[in-house]
Amino acid sequence: MSNVTSLHVNGTGRTCDAAPERSLLSVLRDDLALTGAKYGCGEGQCGACTVLVDGVPIRSCQTPVGAIGPQKITTIEGLERDGRLHPLQQALLEVGAFQCAYCASGMIMSGVALLGKNPNPTEPEIIRFMDGNICRCAGYGRIIDAIKLAASAAKGGTQ
Amino acid sequence: MKAGKSSAERVTVQTIDRPATERPWAVAAPWSRREFVKAFTGGMAVLWLVDLPRARAAQAESGSSGRRGGQRRPTALAAWLHIAADGTVTLFSGKAEVGQNVRTSLTACVAEELATPLASIRAVLADTSLVPYDAGTFGSRSTPDMVPQIRRVAATAREALVDLAAKKWSVGRDTLSAADGKIRHATSNRAIGYGELTRGEKFVLDVSDSVRLKPATDWKVLGTSVRKVDARRYVTGQHAYAVDISRPGMLHGRVLRPAAFGATLASLDASGAEAMRGVTVVRDGNFVGVTAATEHVAAQAVAALRAEWKTAPQVSERDLFAHLRSTARNAPAADASDPTTPGASRQTYTVAYIAHTPLEPRAAVAEWQGEQLTVWTGSQRPFGVHGELVQAFRLPDKSVRVIVPDTGSGYGGKHSGEAAVEAARLARAAGKPVKLVWTREEEFTWAYFRPAGVIDIASSVAADGRLMRWEYHNYNSGGAGLRALYDVPDRKEEYHGAQSPLRQGSYRALASTANHFARETHIDELARSLKLDPVEFRLKNLRDPRARAVLEAAARAFGWGQSTRRDGRGDGRGIGIALGFEKAGYVATCAEVAIDKATGKVRVVRVVESFECGAILNPDHLKNQIEGCIVQGLGGALFEAIRFENGHILNPRFSQYRVPRFSDTPAIQVVLLDRKDLTSAGAGEAPIVGIAPAVGNAIFDASGIRLRSLPLVPNGLKV
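Undergrad: Account for the overall build of chain B, with residues named and values stated.
TA: Of regular secondary structure, chain B possesses 18 helices and 28 strands. Against the globule reference of 27 Å for 719 residues, chain B gives a C-alpha radius of gyration of 28 Å, in line with a compact fold. Seen through its principal axes, chain B has C-alpha atoms that stretch 80 × 80 × 55 Å. For chain B, restricting intrachain contacts to residue pairs at least 6 apart in sequence, the fraction spanning at least 24 positions comes to 75%. Just so you have it, chain B exposes about 27,500 Å², and 49% of that area is on carbon and sulfur atoms.

Undergrad: Give a detailed account of the overall build of chain A, specifying residues and quantitative values.
TA: Looking only at helices and strands, chain A features five helices and five strands. Ordering the α and β elements of chain A from the N terminus gives β-β-α-β-β-β-α-α-α-α. A compact globule built from 159 residues should have a C-alpha radius of gyration of about 15 Å, and chain A, at 16 Å, falls within 12% of that. Expressed as lengths along the three principal axes of its C-alpha atoms, the size of chain A is roughly 45 × 35 × 25 Å. Residues classed as buried in chain A amount to 56% of the 159 residues present. A sequence separation of at least 24 residues applies to 56% of the contacts in chain A between residues at least 6 apart. For chain A, the exposed area adds up to about 6,200 Å²; of that, 50% sits on carbon and sulfur atoms.

Undergrad: Any chance you could break down the interface of chain A and chain B for me, citing the residues and the numbers?
TA: Taken together, the contact between chain A and chain B spans 51 residues of the former and 53 residues of the latter. Interface area for chain A against chain B, summed over the two sides, is near 4,200 Å², with a carbon-plus-sulfur share of 53%. Linking chain A with chain B are six salt bridges. Here chain A and chain B share 28 residue pairs in polar contact (both at pLDDT 80 or more) between them. When contributions to the side of chain A that touches chain B are tallied by element, the ones reaching two or more residues are helix H1 (24-31), helix H2 (87-95), helix H3 (104-117), helix H4 (123-130) and helix H5 (141-157) of chain A. Of all the elements, H2(A) adds the most residues to the side of chain A that touches chain B, at five residues. Considering only residue class, the side of chain A that touches chain B consists of 26 nonpolar, 13 polar and 12 charged.

Undergrad: Tell me what's going on with the domain arrangement of chain A, and back it up with residues and numbers.
TA: Residues and elements named next belong to chain A. Taken domain by domain, chain A holds domain 1 (4-77) and domain 2 (87-157). If you average the C-alpha positions of domain 1 and of domain 2, the two centres end up 21 Å apart. Contacts between domain 1 and domain 2 engage 17 residues on the former and 13 residues on the latter. Between domain 1 and domain 2 the total buried area reaches about 1,100 Å² when both faces are included, carbon and sulfur atoms providing 61% of it. Across the contact surface, domain 1 and domain 2 share zero salt bridges. Connecting domain 1 to domain 2 are six residue pairs in polar contact (both at pLDDT 80 or more). Breaking the side of domain 1 that touches domain 2 down by element, the ones donating at least two residues are strand S3 (50-53) and strand S4 (56-59).

Undergrad: Could you give me a rundown of the packing of aromatic side chains, with the residues and numbers involved?
TA: On inspection of all chains with the given rule, the structure shows 17 aromatic pairs over all chains. Between A:Tyr140 and B:Phe662 the ring centres are 4.4 Å apart and the planes differ by 40°, which places this aromatic pair in the tilted class. With one member in each of two chains, A:Tyr140 in the loop between H4 and H5 and B:Phe662 in the loop between strand S26 (648-649) and strand S27 (667-673) form a pair that bridges those chains. For A:Tyr140, a relative accessible area of 0% gives the class buried. Put simply, the rings of B:Phe36, B:Phe40, B:Trp80 and B:Phe92 touch in pairs and so form one group of aromatic residues. Directly above the aromatic system of B:Tyr507 lies the positively charged group of B:Arg450, at a separation of 5.8 Å from the ring centroid. Over the ring of B:Phe639 we find B:Arg658; its NZ or CZ atom is 3.8 Å from the centre of that ring.

Undergrad: Would you mind going over the sheet that holds strand S2 (residues 12-18) of chain A in detail, with residue names and values included?
TA: All names here are of chain A. A sheet is described by the order of its strands in space; here five strands give the open sequence S2-S1-S5-S3-S4, paired in mixed fashion. Looking at strand neighbours, the two that pair on one side only are S2 and S4, the edges of this open sheet. If you compare each strand with its neighbour and ignore which way they point, the axes differ by 40° on average. Looking at chain direction, strand S1 (residues 4-9) and S2 are connected through five bridges and run antiparallel. Bridge pairing in S2 places Leu7 opposite Arg14. Each of S3, S4 and strand S5 (72-74) is contacted by H3, which is oriented at about 35° to S3, the strand it contacts most.

Undergrad: Help me get a handle on the pattern of salt bridges, residues and values and all.
TA: All names here are of chain B. This structure, assessed with the given rule, holds 50 salt bridges over all chains. Note that Arg362 is salt-bridged to Glu443, the shortest N-O span being 2.7 Å. On the criterion of sequence distance, the pair formed by Arg362 in the loop between strand S14 (344-351) and strand S15 (363-369) and Glu443 in helix H13 (residues 440-446) is long-range, its members being 81 residues apart. We classify Arg362 as buried; its relative accessible area is 2%. In this structure, the salt-bridge partner of Glu582 is Lys583, at a minimum N-O distance of 3.2 Å. A relative accessible area of 23% places Lys583 in the partly exposed class. Each of Glu113, Arg151, Arg158, Glu159, Asp163 and Arg173 takes part in salt bridges that share partners, so that together they form one network.

Undergrad: Let's hear about unusual backbone geometry: which residues, and what values?
TA: All names here are of chain B. At the junction of Leu710 and Pro711, the peptide bond is cis and its omega measures out at 0° in the coordinates. As for its placement among the helices and strands, Pro711 is situated in the segment after strand S28 (709-710). Positive phi values are uncommon outside glycine, yet Ser140 reaches one of about 50°. Within the chain, Thr357 stands out as a residue other than glycine whose phi angle is a positive 45°.

Undergrad: Give a detailed account of the packing of helix H14 (residues 512-529) of chain B against helix H18 (residues 691-703) of chain B, specifying residues and quantitative values.
TA: Between two packed helices, the angle of one axis relative to the other and the distance separating the axes together describe the packing. Residue and element names in this part refer to chain B. Between H14 and H18, the least distance of the axes is 8 Å, while the angle of their chain directions is 30°. Handedness of the H14/H18 crossing: right-handed. Where H14 abuts H18, its residues His516, Phe517, Glu520, Thr521, Asp524 and Arg528 lie against Ala692, Pro693, Asn697, Phe700 and Asp701. Split by residue class, the contact of H14 with H18 holds four nonpolar, three polar and four charged.

Undergrad: Before we move on, can you summarise the environment of B:Pro361 with the specific residues and values?
TA: Mapped onto the secondary structure, B:Pro361 falls in the loop between S14 and S15. Along the sequence, B:Pro361 and B:Glu609 sit 248 residues apart, while their C-alpha atoms lie 30 Å from each other. Beyond its immediate chain neighbours, meaning those up to four positions away, B:Pro361 contacts A:Tyr39, A:Tyr102, B:Lys414, B:Val437, B:Trp438, B:Arg440 and B:Glu443.

Undergrad: Could you give an account of H14(B), with specific residues and numbers?
TA: Three- or four-residue spacings in an α-helix give side chains the same orientation, since the helix completes a turn every 3.6 residues. All names here are of chain B. Between its first and last C-alpha, H14 extends 25 Å over 18 residues, near the 26 Å set by a 1.5 Å rise per residue. Across the 18 residues of H14, 17 count as buried, placing the element largely inside the fold. At the C-terminal side of H14, Lys531 shows a positive phi close to 55°.

Undergrad: An account of helix H4 (residues 102-114) of chain B is needed here, citing residue identities and associated values.
TA: Residue and element names in this part refer to chain B. The terminal C-alpha atoms of H4, which comprises 13 residues, lie 18 Å apart, in line with the 18 Å expected from a rise of 1.5 Å per residue. Of all 13 residues that make up H4, 13 are buried, and the element is covered over most of its length. Positive phi appears at Ala115, one or two residues downstream of H4, with a value of about 55°.

Undergrad: Can you lay out the packing of helix H11 (residues 382-393) of chain B against helix H12 (residues 418-430) of chain B for me, pointing to particular residues and giving the numbers?
TA: Residues and elements named next belong to chain B. Closest axis-to-axis distance for the H11/H12 pair is 9 Å, and the angle between their directions is 40°. Our classification of the angle between H11 and H12 gives oblique. Between H11 and H12 lies a crossing whose hand is right-handed. Listed contacts from H12 to Val385, Glu388, Leu389, Ala392 and Phe393 of H11 are Glu418, Ala420, Val421, Ala424, Arg425 and Arg428. In terms of residue class, the contact of H11 with H12 is built from seven nonpolar, no polar and four charged.

About the criteria used
Residues numbered from 1 in each chain as written. Chains lettered and ligands numbered in written order. Predicted model: local features only at pLDDT ≥ 70, side-chain atom pairs only at ≥ 80, totals over all residues. Heavy atoms only, no water. Helix = DSSP H or I, 4+ residues; strand = E, 2+ residues; numbered from the N terminus. Rg over C-alpha atoms; globule rule 2.2 N^0.38 Å. Contact = heavy atoms within 4.5 Å. Areas by Shrake-Rupley, 256 points an atom, 1.4 Å probe, with all protein chains shown as cover. Buried < 20%, exposed > 50% of the residue type's maximum accessible area, 1.4 Å probe, protein only. Buried area = accessible area lost by both parts, 1.4 Å probe. Salt bridge = Lys/Arg side-chain N within 4 Å of Asp/Glu carboxyl O. Polar contact = N/O pair within 3.5 Å; in protein donor to acceptor, adjacent residues only side chain to side chain. Nonpolar A, V, L, I, M, F, W, Y, C, P; charged D, E, K, R; others polar. Domains from an automatic or database assignment. Phe/Tyr/Trp six-rings, centres within 6.5 Å; stacked < 30°, edge-to-face > 60°. Lys NZ or Arg CZ within 6 Å of the ring centre and 35° of its normal. Pairing = 2+ DSSP bridges. Axes fitted to C-alpha atoms, helices over the stretch in contact; angles between N-to-C directions. Left-handed = near helix turned anticlockwise from the far one by under 90°. Expected span 1.5 Å × (residues − 1). Parallel < 35°, antiparallel > 145°, perpendicular 65-115°, else oblique.

Listed below in structure tokens is the structure:
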């Protein structure tokens, strides 16, 4: 299999030259300087490496870059629009959800995927969807609160 | 730059990530007042000086034992503040930000006392070439030690600025006020910015210990929920942790780990790895590592190494507690009291080793320029890592620079500099900068653990519920939190060090978690044996008014009196309480559990925790710390345990070592008691000590089953 030479990331085509068996996480971080997604466990258990591929959250530490093809990748760096944060980023700031925040990018990408699929999630739905993301510092309650806040902001906040 | 002659002779570490203009002195971090004054280039600087003979002597291995009698004038810099001509205020401290929000609290201290907007203040932390020496960020010491001093530093600057304005305008200083980064003279409606007042001058002041600090009741910034500094950078993925640092030409490293703890390398065949393109294999004694252009190739190269290791048999988990007892120092003679005496009780409690599992594993980027070494790494002890590097490579102090970017947490687990030393070895051999990120498996195996321990308690209570005797022995887990808050006429509380089969070290609240688990479980047992309410029993034996206050506050908020206690009738719900004191903070924790009788699954459904640590600096951040302590503490309470056998860790992955997740999180209510009349204590540790005993006591309440080992229910409750 030949090297991967282009990826569609955050709305633009990016060139690279990566062996296809390398992880998407390492290509994003080391080749494209998109370091928002983090290594946490290497086995898809902690969610720190979560990015979206065609809107679906995936564990980029376990995804070979050769499997991506023309699909559209969204990373934490691609959420801001014209200097405006995604409602979930904004909500997390308002709630003060993080301490060390190493988990933040993965949490946000998972949360964005949830809101994309289900704009009005109930608390049990949030817990079920987010259960693969580990935070070691803060209680998870504030992230749940922020997802609810972002959902309500998206519903009525921006008219 | 107006560097003095002797300063210019010294080596200047290249400033890599910050322009030199941000350093108002000309050389690598000055550690003494004399050096500082020589190198200072302009503006106003306020220095906090300490007598640091022991710490610095230890660091430099100078052999001089410091104190030679008499009161010495402090000369070592411990922190300082700079006001530049443009009004920018910069604080320099050796503390490290690891998620506890010390960057925010120190910034707020400056804003409060200097009367300047938060946005005008920058805190430079944990860069050994930019900040003064600091022993490290641990033990909840930043708040009691650094906070009051930074406040004095800022207040000294404020008073000096008032003096300058009074002189400039020839007015009385009591007609002036400081606010929003300006000194104002209300009667003449004049105002002048701090930067303008110091422009073109060099003021170097020492902190005045007599300077007036604002009382907590007058605080406008401290005591309020200031948001995390730089929070936006974290939610946009912009903050660069150590793992995110990249250098031109940088390679990726990987280390070959021994087959077991203590193993020595018998033979190595590196030919397969060396044949791989761009791979360098580094061997130095038992250390074997590789560098390669990508992480992937580095991992393949390590996998291609053929090594034989010499191992020796080691203690396994099944023999752990007997081993700790048999190797204990100054172990007491067998308890001679008669256990059949009415009111007498004797029990043993145990705690397992657990891992910190900071989400950012140990990581470092090392870069050599000749004999100059710069290392970026996540750490709670930047100068400790600095010392390790100086020692490992036999370099002069000033040839090593350790930069600690705000770090992906530590919980007491990042006191050591393994990754930094390894990355530096690899970088030196490869002749290029090297990044080394420990895998999760390495972090689980080759870091250090919270100590396991055995605790024996022998006690007796009078029929009226008064504690009469309390004899307490902790084997191996540690002495923190050893002493009970309760009043007992006949008491003995001892810690006995032992030989730990695993490498052990600090963990949030140290042994206080183990000691509170044993003590507060035992107290619950005594209360139940006397058929006394656990809150009532504690209050009966407790005079300390602050302890009584948190206990009563938690019980009230929880609805303790109104809750129906089940007393082991086994309908699946139960409640428990625990009281604690650690690092000058008082805590009481109430928990409610629900047990699924069919599966034995224990769920903590509700926690109320009250906390009092003096005057609160930031209510929301304090609340966040407490919530985090409760959730993290649930892991060690319910299911976390490091499994090990003969020098191997058996569960070094998140798929095998369970940590709390969203679905484990109870409803949490935090009750803060703000004592503005008392000094602020650190709050990163104390709030974790009560959750395990509260949950254990609740499980007993629900099921009648008394659990005396942590974790309580790694495989569910056998009902």
